[in-house]
Each structure stands twice: as structure tokens, then as C-alpha cells.
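As a plain string of letters, each chain reads:
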Amino acid sequence: MKGLPVDTQIDFEGGLLTTTPHSCINKWDNFGIADPSISHKNFLRKWNRLSRLQRSLVYAVFIIAVTLLVILYNSKVGSTDSIKKSEKKSIHDNLHNASLVNEEAAAIVQAKKPAVEFETNDRPTFTGPTNARQYAVVESFRHAWRGYKEHAWGHDNLKPVSGMAYDWFSLGLTIVDALDTAFIMGLTDEYNEGKEWIKDELIFTKNKDVNFFEVTIRVLGALLTNYHFTQDKVFLSKAKDLGDRLMAAFSSPSGIPYSDVNLGTRAAHAPEWSHYSTTAEVTTVQLEFRELSRAADNPAYEDAAAAVSEKIHQLPKKHGLVPIFINPNSGHFLPHATITLGARGDSYYEYLLKQWLQTGKTINYLLDDYMTAIEGVREFLAKRSSPNKYLFIGELSAGSEAFNPKMDHLTCFLPGTLALGHANGLPDWHMAMAEELLYTCYLTYAAHPTFLAPEITHFNLASTTDDMYTKTADAHSLLRPEFIESLWYMYQITGNTTYQDWGWQIFQGFEKYARVENGYSSLANVKSERPVHRDMMESFFLSETLKYLYLLFSDDRLLLDLNKYVINTEAHPLPIHKN
């Protein structure tokens, strides 16, 4: 201890300094330890007396002891690392759950890990309805399912007024499309009925043309979701068979898919009425084909579909906005075609964002194209009505590209997509636009005595009385899901129960005006207090509309967690991957 005299020692117990002649101090005595130099000599003397065999045995015991200590240490370290990883994953999951309602948490998640790493065994658990509203929706599903089972089992659709069956593709669309809704609702009997039909009756060998897009989103998407939920190989086997047949659509000179595929002959072609494919259709198959590649461990499906997105990424656009027709031979858009977020254009924009999310936010051009497109929507398509200045999304007409102040009900998907983007770190004005547009969509329901929205709403830009009106030709309702879909996104993201109340008003409209003896029918005119039934129950009413209502009314906002799933455009959840 520097600064103390050489004949000074410390009394450690008393904290006092005492002096003792240097010759009497043994530095080891204070700690009750013998002088090591003496101990060392004694040890060497005893060691030298041992025989060679005895020394070898000592060496062996020493080596075994060291080995056991090393193994014990490594096992403890491994256990500690495992616990730390588990804790880290738990923290990460909690942050992801919070990220939908907390921007700071979202930033933390993105900084640490750009996507949820989805585990095969991390599948959702559904236990059935938990409140009166959910029970009511489940009863509606069962009513529709019973009518379909009695009058149209195995056919694509039920005509619920006449009690007749209707076939579009002859693929049992209602069974396949609605099956994961039954699973989510906890309807075991209905689910098993549908699964057995798929196992025994669903075949793709008929010599019949089908629409490539519709079959992909409804049938392939549903099969993949049910496989993910249950790991039942029958779904994957059917999905691979169907996917192989649908691959014929990519056989065009440009790789842009043809619209029609004959599943039996595996031949594809353009529709009879045009040489063009629909832009939304060719760009709304990527989620499904990518998931098929992951599930089947075959990259061919994803490669073909992703090449379409890459091709369209390279094409010139109007500030990210795309015409609604594209030529599969040349790979170019139809010049001066309509630009819209309604029919034939809508899901192109939806799948830009959802592909980016599905791939763990790793494909930057998808995000860039989406951001540019939404800026284009704000600049060219978003207008305000008169006199109350309601925000709506119009169209640019074919030929002149003049602004047309009409909005399809299909466009009401956009608030939910904007909110989903904002929840994943996109600009605040996206959410502001989502909230305003969602209210406008709500008004398209509230404006009518049925409290149901028409297929198309027109807006006034210079009126002193009415902001919107509906033409008789556009007044029908197919019981579409897009607005309810957006309500569910907004509810999960914000927790605002007003969106549940809006959904309940619409559900009551379905019950009062669309419910018939054998199911639910589309309506001819939502402006009438006694609307005529059009005698068709679309498969998406069970697959999407009732599913979104059930999720919207859940007490658990994360019953189907948007941090773990992307929802395809037919409401079939697909897992998010890390790349």
C-alpha cells in the first residue's frame, strides 16, 4: 500500500493502523493461510515419492474432472442463452402487439427486427364466440351454411330465394372459400363437413375454363390457409395440384398471366372479349403463389408470380397509378385506360403493401411503388364533395383521363390498407386519409333506408344540397365486405369501438333486408325500403363479410394478429415470413 511505512500493517477488523517490527510480519498470517513457498516444497517432495502408475492415475482423475466441469459449464450457458432468447422473443412479440397502436413501439420493432419470424407451430387458437354480437354472426353463418348444404352442396353458389344451385367454375366455391371462416368461428361440425368434401370431391381435372385470379384468391388461398391452420396434408396436396395447373397462366410471351386457364388441359388464353388481362388480377396472385412455394418447398410458384410484380415495377405509370388493362403478349399497359382504385385496379395497390409485409419488409421496390401510388392517389384521385367536403376517391376516365367523381364500394378497402401501412411505420397522413375516407364509406351506407351501400356512389363537386347520389343502375348490393374489412383493420389498430358499432348497424341491415329462408341474397336496390332480392349468395359473403364481422366484434382485437398475418384479398390469412 503506497504511502505507508514499511513497518506498518493494517488491522482489517478494527480498521486501525498498528506498527510491528518488519521482521515479525508474515504477510500470510493475517488471512490464516500458510506460506505458499513452504507448501509448494512439501507438495513436490510428496509428488516425487509417487510411482509412475500412481501419477498416471492422478493425471486421469484430473482430466476427467476438468472435462466434467467444462460440460457442466456449457450446459448452464446454453440454458441461460435459451432463456434469454425466450425472454427476447417474448419482449419482441409484446412490442409487435403494441406496434399497432404505438408508433414508438413500432419504431423499436423495426429497428431491432424488420419482420416477425413466423414459426411453424405458432398458429392461432380459436375458441368460438365470446359475446352476443359474435354469437349473432355465427348464427348467420350457420343459417347460410345450412341453406347451401340443403340446396347446393358441392356447387359453387346457392340461389337462396329459389333454392337452386349455381356453378361458375364447378369447384364447390362456397365450401372451399368459407371453410376457414368456420374454423375461426369454432364450428367443428361445419368445418369437418367441408374438409371431407374437399378431401373426397374437390378435383381439378374437368375440361373447363376458370378465371385465373378468382380461383387463385378463393380456392388456392383458402387451401393454403386451412393447411397453415391445421397442418392437414390434404390441403397442401390439393393446393399443389391446383397450383401446378394454374401455372399455365404464366406461359404468355411476356410472363404476364393470361386471364383464363383450363385446369383439365392446363392451357391458358386471353378472355374471349379482349386481348388484355386485368391489371388488378395479374398483380393479385403473388401472396398465394409465394405462400405455396414456402409450404411446398418449391420456388417455381413464387418465382413466376414475383416476376410479374417486377415487370410491372419497370413499366411507366402516372405517379404510381396504373391503367386497368395490360397486354399479356407485349407486357405493356393499354394506353389511356381507366385509372381507378375500384374494379380492375383496386388490389394492385393492396398487394404492393401486403407483399412487402409478407416478405418481412425486405423487398424495397414494393414499398417504393406503394408509397408513390398513394401519393398519386392524393394528387390525382382524392377530392372533396360539395357542400360538406367529404373526402372520396374518384377515377381518371379512359381516353381523356378526365376526373370522374364516382367511387366503387370496392374502393372502401383503402382505409384499412392505409391504416395497415401506417401501423408499419408509414406517414401520419396515410392514417388521416384512412379515417376521413372510412367516414365517407360509412355515409354511403347511412344514406339509404336499408343501411346498406350501393355498388357505386357518385359525388357532387359543386352542389349546395347533396354531397352524393346513387344511380338506379348502380344501386344494387352484393353484400360486399370491403367496408367491414376496413372497419376491422381500424378497430384492431386503434381500439376505437365506434367501428364495432358501425359494423353492427350494417349487420342489422343484412339481417333485416338480405336474410331469406335459405340464406342471404344480394339486393337489387338499397334505396328501396322493400328491396328486391337478386337470388344469389356470393361465396365471399361467407368467406369475407361474415368473417370480418366476427373478427370486428371480438373482445380480443388480436384474435387474428396483423403482426403475424397478411390477409389475402378474399380474407384468407397467410403467415408473414422473415424474407
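Parameters and conventions
- Residues numbered from 1 in each chain as written.
- Predicted model: local features only at pLDDT ≥ 70, side-chain atom pairs only at ≥ 80, totals over all residues.
- Heavy atoms only, no water.
- Axes fitted to C-alpha atoms, helices over the stretch in contact; angles between N-to-C directions.
- Helix = DSSP H or I, 4+ residues; strand = E, 2+ residues; numbered from the N terminus.
- Parallel < 35°, antiparallel > 145°, perpendicular 65-115°, else oblique.
- Left-handed = near helix turned anticlockwise from the far one by under 90°.
- Contact = heavy atoms within 4.5 Å.
- Nonpolar A, V, L, I, M, F, W, Y, C, P; charged D, E, K, R; others polar.
- Disulfide = S-S within 2.5 Å.
- Buried < 20%, exposed > 50% of the residue type's maximum accessible area, 1.4 Å probe, protein only.
- Pairing = 2+ DSSP bridges.
- Polar contact = N/O pair within 3.5 Å; in protein donor to acceptor, adjacent residues only side chain to side chain.
- Salt bridge = Lys/Arg side-chain N within 4 Å of Asp/Glu carboxyl O.
- Core = buried A, V, L, I, M, F, W, Y, C linked by side-chain atoms within 4.5 Å.
- Expected span 1.5 Å × (residues − 1).
- Phe/Tyr/Trp six-rings, centres within 6.5 Å; stacked < 30°, edge-to-face > 60°.
- Lys NZ or Arg CZ within 6 Å of the ring centre and 35° of its normal.
- Bend = angle between axes of the 7 residues up to and from the residue.

(A) Examining the packing of helix H6 (residues 188-201) against helix H8 (residues 233-246) more closely. Following both chains from N to C, one finds H6 and H8 inclined at 45°, their axes separated by 10 Å at the closest point. It follows from the interaxial angle that H6 and H8 lie oblique. Here the hand of the crossing between H6 and H8 comes out left-handed. Of the residues in H8, those touching H6 at Tyr191, Lys195, Ile198 and Lys199 are Val234, Phe235 and Lys238. Per-class residue counts for the contact of H6 with H8 are four nonpolar, no polar and three charged.

(B) Layout of unusual backbone geometry. A cis amide bond links Ser386 with the next residue in sequence, Pro387, at an omega value of 15°. Its place among the elements puts Pro387 in the loop between strand E10 (382-384) and strand E11 (391-393). Unlike most non-glycine residues, Ser170 shows phi in positive territory, near 60°. The backbone of Gln231 shows a phi angle near 60°, a positive value even though the residue is not glycine. Structurally, Gln231 is set in the loop between helix H7 (212-230) and H8.

(C) Representation of the state of the cysteines in the model. All told, the structure shown has one disulfide when counted by the stated rule. Note on cysteine connectivity: Cys412 is disulfide-linked to Cys441, with sulfurs 2.1 Å apart. Across the disulfide from Cys412 to Cys441, rotation about the S-S bond amounts to roughly -100°, and the bridge is consequently left-handed. With Cys412 in the loop between strand E14 (406-408) and helix H14 (414-423) and Cys441 in helix H15 (residues 428-446), this residue pair connects regions lying 29 residues apart in the sequence. With respect to burial, Cys412 and Cys441 carry one shared label: buried.

(D) Layout of the sheet that holds strand E15 (residues 456-459). Sheet architecture is open: three strands sit in the order E14-E15-E16, paired in antiparallel fashion. The sheet terminates laterally at E14 and strand E16 (468-469), the two strands that pair on one side only. Both E14 and E15 contribute to a ladder of three bridges, which runs antiparallel. In the strand pairing of E15, Met407 is matched with Thr457. Packed onto the sheet, H15 meets E14, E15 and E16 and runs at close to 85° relative to E14.

(E) Looking closely at the side chain of Thr174. With respect to the secondary-structure elements, Thr174 resides in helix H5 (residues 173-185). A polar contact is formed between the side chain of Thr174 and the backbone oxygen of Asp156, at a distance of 2.6 Å. Contact partners of Thr174, with chain neighbours within four places excluded, come to Trp145, Tyr148, His155, Asp156, Asn157, Ser539 and Leu542.

(F) Spatial organisation of the environment of Asp561. The residue Asp561 is located in the loop between helix H18 (539-552) and strand E19 (565-567) in this model. Using a relative accessible area of 9% as the deciding quantity, one classes Asp561 as buried. Expressed as a C-alpha distance, the spacing of Asp561 and Gln492, which sit 69 residues apart in the sequence, is 8.4 Å. Within polar-contact distance, the side chain of Asp561 engages the backbone nitrogen of Asn563 at 2.9 Å.

(G) Up close: the pattern of salt bridges. Summed over the entire model, instances satisfying the criterion amount to 19 salt bridges. Between Lys149 and Glu193 there is a salt bridge whose closest N-O contact spans 2.7 Å. One end of the pair, Lys149, is in helix H4 (residues 132-152); the other, Glu193, is in helix H6, and 44 residues separate them in sequence. By relative accessible area, which is 26% here, Glu193 ends up partly exposed. In this structure, Glu395 and Lys406 form a salt bridge, with 3.0 Å as the shortest nitrogen-oxygen distance. With Glu395 in strand E12 (residues 395-396) and Lys406 in strand E14, this pair connects stretches of sequence that are 11 residues apart.

(H) The nonpolar core, seen in detail. Counting residues in hydrophobic clusters, the biggest one holds 148 residues, and the most contacted among them are Leu223 and Phe483. The element contributing the most residues to this core is H7, with 11 residues. Non-local contacts of Leu223, meaning those with residues more than four positions away in its chain, are made with Val176, Ile198, Leu202, Phe204, Phe235, Lys238, Ala239 and Leu242.

(I) Focus on H18. Here H18 contains 14 residues, and its C-alpha end-to-end distance of 19 Å stays within 8% of the 20 Å for a straight helix at 1.5 Å per residue. Of all 14 residues that make up H18, 14 are buried, and the element is covered over most of its length.

(J) A look at the packing of aromatic side chains. Taken as a whole, this structure holds 29 aromatic pairs when the rule is applied. Ring centres of Tyr439 and Trp502 lie 6.2 Å apart, and the angle between their planes is 40°; this geometry places the pair in the tilted category. A residue pair is termed long-range when its members are at least 10 positions apart, and Tyr439 in helix H15 and Trp502 in helix H17 (residues 498-514) qualify at 63 residues. Accessibility expressed as a relative area gives 38% for Tyr439, which makes it partly exposed. Grouped by ring-pair contacts, the aromatic residues Tyr390, Tyr439, Tyr442, Phe451, Tyr499 and Trp502 constitute a single cluster. Over the aromatic face of Phe553 sits the side chain of Arg133, whose NZ or CZ is 5.8 Å from the ring centroid. Over the ring of Phe380 we find Lys318, and its NZ or CZ is 4.5 Å from the ring centre.

(K) Here's a closer look at H5. Over its 13 residues, H5 extends 19 Å from the first C-alpha to the last, a length consistent with the 18 Å expected when each residue adds 1.5 Å. If you look at H5, its biggest bend is around 40°, right at Leu179. Across the 13 residues of H5, 12 count as buried, placing the element largely inside the fold. All buried positions along H5 are accounted for by Leu173, Thr174, Ile175, Val176, Asp177, Ala178, Leu179, Asp180, Thr181, Ala182, Ile184 and Met185. Following H5 by one or two positions, Gly186 adopts a phi angle in the positive range, close to 75°.

Shape descriptors only; they carry no functional weight alone.
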